[in-house]
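Structural description and commentary
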Amino acid sequence: MQEHKTVKANIDYPQEEETVTSPHYTFRVKAPLNAEKVEVCIDGAPWQLCRYSCGYWWYDWADYGTGEHEVVARILPFDNRNFTLRTRRFSVNLGHYQPSDSPVTQYSVLTPNEPWMLAKLTHLLSREDINISGMMTINVGDTACIQFMASRREGLREKLEDAGLKVSENEVLQVKIPSRS
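In this text the structure is predicted, and so the values were computed from the model without any measurement. (Residues numbered from 1 in each chain as written. Predicted model: local features only at pLDDT ≥ 70, side-chain atom pairs only at ≥ 80, totals over all residues. Heavy atoms only, no water.)

**Here's the deal with the pattern of salt bridges**
Close approach of charged atoms allows side chains of opposite charge to pair. If you walk through the whole model with that rule in mind, you get nine salt bridges. Where Asp-12 meets Arg-28, a salt bridge forms, and the shortest distance between an N and an O atom there is 3.1 Å. Here Arg-28 lies in strand E3 (residues 24-30) and Asp-12 lies in strand E1 (residues 10-13), a separation of 16 residues in the sequence. Given the relative accessible area of 19%, Arg-28 is considered buried. A salt bridge links Glu-16 to Arg-88; the shortest N-O distance between them is 3.5 Å. Here Glu-16, found in the loop between E1 and strand E2 (19-20), pairs with Arg-88, found in strand E10 (residues 88-92); they are 72 residues apart in sequence, far enough to count as distant. (Salt bridge = Lys/Arg side-chain N within 4 Å of Asp/Glu carboxyl O. Helix = DSSP H or I, 4+ residues; strand = E, 2+ residues; numbered from the N terminus. Buried < 20%, exposed > 50% of the residue type's maximum accessible area, 1.4 Å probe, protein only.)

Written out as structure tokens, the structure reads:
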């Protein structure tokens, strides 16, 4: 007799009844390792392909409005069939959000490849009240490069360097491109 395997899949974010307050949001879906692709459907719109990174499937969502929303994810294929996850309901409250007209700066921080370095950096950014619009890490051996985009804040580079971090900064062009099927 074959034992039935439990599907370990879930929409991690947004959580049920979560309120999103940012004009950009990234969905995170956990799926079995044998998933070839994962897609999300938001408010009944066409399915959108997620990207795979760091053991999860991600979908970057933008250009949405305040109100009630729902997302469902499907895993393709899973054991030679599609598997659809339970619908997740959440809300968006953009409140008094005003998009910034200031230029966006990409900061690149070279650090030892240690897990606590990301925590150190995010703690410093939190203390300085820096809003991040994107972040990524690149690991090469014993070194990590943590890159993030934020509105330029005078003195941020110096504060990071004072904390012992090697930092470079470049002004970048930020373009919003709506996803289309």
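On we go.
**Section: the pairing of E3**
Of the pairings in the sheet, the one linking E1 to E3 comprises three bridges and is antiparallel in character. Across the sheet, the residue bridging to Ile-11 is Val-29, located in E3. Taken together, the six bridges between E3 and strand E7 (residues 56-62) define a ladder with antiparallel strand orientation. If you follow Tyr-25 over to E7, its bridge partner there is Trp-61. (Pairing = 2+ DSSP bridges.)

**What to know about the environment of Leu-124**
Relative to the elements of secondary structure, Leu-124 occurs in helix H1 (residues 115-127). Note: C-alpha distance between Leu-124 and Ala-163 (39 residues apart in sequence) is 8.6 Å. Setting aside residues no more than four positions away along its own chain, Leu-124 makes contact with Leu-160, Ala-163 and Leu-165. (Contact = heavy atoms within 4.5 Å.)

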